[in-house]
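# Observations on the three-dimensional arrangement
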Amino acid sequence: MKPDTKVLHTGFEVDIKTGAVSYPIYQTSTFKQESPGVHKGYEYSRTGNPTREALENIVASLEEGVRGFAFSSGMAAISAVLSLFSAGDHLVVSEDVYGGTYRVLSKVFSRSGLEVSYVDTSEVSNIEKAIRKNTRAVFIETPTNPLLRITDIRAVAQFCKPRNFLLVVDNTFMTPYWQKPLTLGADIVVHSATKYLGGHSDVVAGLAAVKDGRLAEQLHFIQNATGGVLGPFDSWLLMRGIKTLGIRMERHEKNAQELARWLKTLPQVKKVYYPGLPEHPGHDLHKSQAGGFGGMISFELESEELAERMVRNLKLITLAESLGAVESLISIPSLMTHASIPEEERERRGIKKALVRLSVGIENVEDLKEDIRAAIR
Ligand SMILES: *Cc1c(COP(=O)(O)O)cnc(C)c1O
């Protein structure tokens, strides 16, 4: 089945009992038991809920894993995955990882003894240099946020396998429509489904999928034990969003390709980061592991003042955190999404103050150009 058909016809067809084409919302916390411990597969909605399970089956199928999990946010999904590790375990993490992931690792999991090294994972040799006797996993994002650096998923998986390290990939920017880390050798994939999978700026959610049955058992245990589950209505909203993932991702990409090329022609723009540009250092690698380049562009303006003025003056493009929505969203990472990273660390990673991150929506691209043109004039 082709990907745009699969996002519509996967996990569930119609409700067996009623024929409903849209999966029913089982807004219930508990389920009647015939006798103690005898039930129809559901006992309590933290442990399992049919609506959430329908969504979890969809993510498992789209990512080609054995089991999917839905959480109350991307950070809840990531925190559940990090809870697989114990005090004294060491992880190697992509250095321009999502700010919230950096924060939970450095301010929360560090307190319970999880050790982390941040490296530029676009070179496998950097991972090799960072490993310790107690290394258990490698956690990557590709493309990264906000500099859109590319890591070779297959090469990192080949490095991890003989050493028994788990490879975790945050696939938020690509979605399984463009990139399927589990098929490239990763063990766990996580998502902020708040972004492209939901797609409509109306739900905060996280997803995970795993490739191995034992890992699935462990993650389900943590999901149920720690309890950051997604509610039935939000699960339904996500399923509704995923139905149009294919056409949305195609349009995001088409607009982003066009805008990235156009931004390069503006004298006020110093640098454009977009993996779809042939001169992007990860262009060929990305093409070898993903079906598209996505809708995220970062660009550096002449000055911090111009960046702030532009985002204030935009009429159509919304100044907001988040990304992956049908409407275009813009942000200044150093002041917004990445503000929790200390300044010197941010500068070292190349997240300059004049850097702007644009999540290209599905509007007509000519209107987006006109909005940017007017705002920087
Ligand atoms: C937004 C985001 C997260 C966190 O997800 P929430 O749904 O906001 O908790 C994690 N990773 C990436 C790449 C993100 O963009």
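Residues numbered from 1 in each chain as written. Predicted model: local features only at pLDDT ≥ 70, side-chain atom pairs only at ≥ 80, totals over all residues. Heavy atoms only, no water.

## Topic: helix H4 (residues 99-108)
The periodicity of an α-helix, 3.6 residues per turn, causes residues three or four positions apart to be oriented the same way. All of the buried residues in H4 are Gly99, Gly100, Thr101, Tyr102, Val104 and Leu105. Lining the buried residues of H4 we find helix H3 (74-82), strand E2 (90-94), strand E3 (115-119), strand E4 (135-141) and helix H13 (343-348). (Buried < 20%, exposed > 50% of the residue type's maximum accessible area, 1.4 Å probe, protein only. Helix = DSSP H or I, 4+ residues; strand = E, 2+ residues; numbered from the N terminus. Contact = heavy atoms within 4.5 Å.)

## A short note on the packing of aromatic side chains
Considering all chains together, one arrives at six aromatic pairs under this definition. Measuring from ring centre to ring centre gives 5.5 Å for Phe31 and Tyr42, while their planes differ by 35°; the resulting arrangement is tilted. Of this pair, Phe31 sits in the loop between helix H1 (3-6) and helix H2 (50-63) while Tyr42 is found in the loop between H1 and H2, placing the two residues 11 residues apart along the sequence. Taken individually, Phe31 and Tyr42 each receive the classification buried, so the pair is uniform in this respect. For the ring pair Phe233 and Trp236, a centre distance of 6.0 Å and an interplane angle of 15° mean the geometry is stacked. One end of the pair, Phe233, and the other, Trp236, are both in helix H9 (residues 232-243), three residues apart, so they sit about a helical turn from each other. Phe233 gets classed as partly exposed once you look at its relative accessible area, which sits at 41%. (Phe/Tyr/Trp six-rings, centres within 6.5 Å; stacked < 30°, edge-to-face > 60°.)

## Describing the pairing of strand E6 (residues 188-192)
Here is the key point about a regular strand: its side chains alternate between the two faces of the sheet. Judged by how many residues are buried, E6 sits mostly within the fold: five of five residues are covered. Burial along E6 is two-sided: the residues Ile188, Val190 and Ser192 and Val189 and His191 are all buried. Pairing of strand E5 (residues 166-170) with E6 involves three bridges; the strand directions are parallel. Of the residues in E6, the one forming a bridge with Asp170 is Val190. The pairing of E6 with strand E7 (residues 206-210) spans five bridges and is classified as antiparallel. Bridge assignment links Ile188 to a residue of E7, and that residue is Val210. (Pairing = 2+ DSSP bridges.)

## Description of the nonpolar core
If you look at the biggest cluster of nonpolar residues, it comprises 33 residues, and the most contacted ones within it are Leu55, Leu197, Leu207, Leu238, Ile242 and Leu245. Mapped onto this core, the elements with two or more residues apiece are H2, helix H7 (175-178), H9 and helix H10 (245-263). Per element, the largest residue contribution to this core is five residues, and it comes from H2. Aside from chain neighbours lying at most four places away, what touches Ile242 is Val7, Leu55, Ile58, Leu62, Leu197 and Arg248. (Core = buried A, V, L, I, M, F, W, Y, C linked by side-chain atoms within 4.5 Å.)

## What about the sheet that holds E5?
One open sheet accounts for seven strands, arranged E1-E7-E6-E5-E4-E2-E3; its pairing is mixed. Of all strands in the sheet, those with a lone pairing partner are strand E1 (67-71) and E3, marking the two edges. Averaged over all pairs of adjacent strands, the angle between strand axes in this sheet comes to 20°, irrespective of strand direction. In this sheet, E3 lies alongside E2 in parallel orientation, the contact comprising five bridges. Opposite His90, over in E3, you have Glu115 as the bridge partner. (Axes fitted to C-alpha atoms, helices over the stretch in contact; angles between N-to-C directions.)

## As for the pattern of salt bridges
Applying the stated criterion across every chain, the model contains 17 salt bridges. Linking Glu64 and Lys180 is a salt bridge whose minimum nitrogen-to-oxygen distance equals 3.0 Å. Of the two residues, Glu64 is situated in the loop between H2 and E1 and Lys180 in the loop between H7 and E6; the sequence distance between them amounts to 116 residues. Overall, the relative accessible area of 23% leaves Lys180 in the partly exposed class. In this structure, Lys353 and Glu343 form a salt bridge, with 3.1 Å as the shortest nitrogen-oxygen distance. With Lys353 in the loop between H13 and strand E12 (355-359) and Glu343 in helix H13, this residue pair connects regions lying 10 residues apart in the sequence. Where salt bridges share partners, they join Glu95, Asp96, Arg149, Glu345, Arg348 and Arg349 into one cluster. (Salt bridge = Lys/Arg side-chain N within 4 Å of Asp/Glu carboxyl O.)

## Focus: the site of the ligand
Close contacts around the ligand come from 13 residues, with Met75, Asp170, Ser192, Thr194 and Lys195 the closest. Here an oxygen atom of the ligand and a side-chain polar atom of Thr194 are 2.7 Å apart. With respect to the ligand, the side chain of Lys195 contributes an N or O atom lying 2.7 Å from an oxygen atom. When the ligand is considered free in solution it has 370 Å² of accessible area, and contact with the protein chains removes 92% of it. Tallying contributions element by element places H3 first for the shell around the ligand, with three residues. For the shell around the ligand, the residue count by class is five nonpolar, five polar and three charged. (Near = heavy atom within 4 Å. Polar contact = N/O pair within 3.5 Å; in protein donor to acceptor, adjacent residues only side chain to side chain. Areas by Shrake-Rupley, 256 points an atom, 1.4 Å probe, with all protein chains shown as cover. Nonpolar A, V, L, I, M, F, W, Y, C, P; charged D, E, K, R; others polar.)

## Looking at the side chain of Ser73
Mapping Ser73 onto the fold places it in the loop between E1 and H3. Within the local environment of Ser73, its side chain forms a polar contact with the backbone nitrogen of Met75, the two atoms lying 3.3 Å apart. At 3.0 Å, the side chain of Ser73 and the backbone nitrogen of Ala76 are in polar contact.

## Notes on the domain arrangement of the chain
Entries for the chain in the domain assignment read domain 1 (3-243) and domain 2 (246-376). Summing both sides of the interface, domain 1 and domain 2 together bury roughly 3,300 Å²; the carbon and sulfur share of this comes to 58%. Three residues, Leu147, Trp178 and Tyr196, lead the burial of domain 1 against domain 2; their summed loss comes to 25% of the area buried on that side. Its salt-bridge partner being Glu95, residue Arg348 comes within 3.2 Å of it at the nearest N-O pair. Where domain 1 packs against domain 2, one counts 16 residue pairs in polar contact (both at pLDDT 80 or more). Elements with a minimum of two residues in the side of domain 1 that touches domain 2: H4, helix H6 (153-163), H7 and H9. (Domains from an automatic or database assignment. Buried area = accessible area lost by both parts, 1.4 Å probe.)

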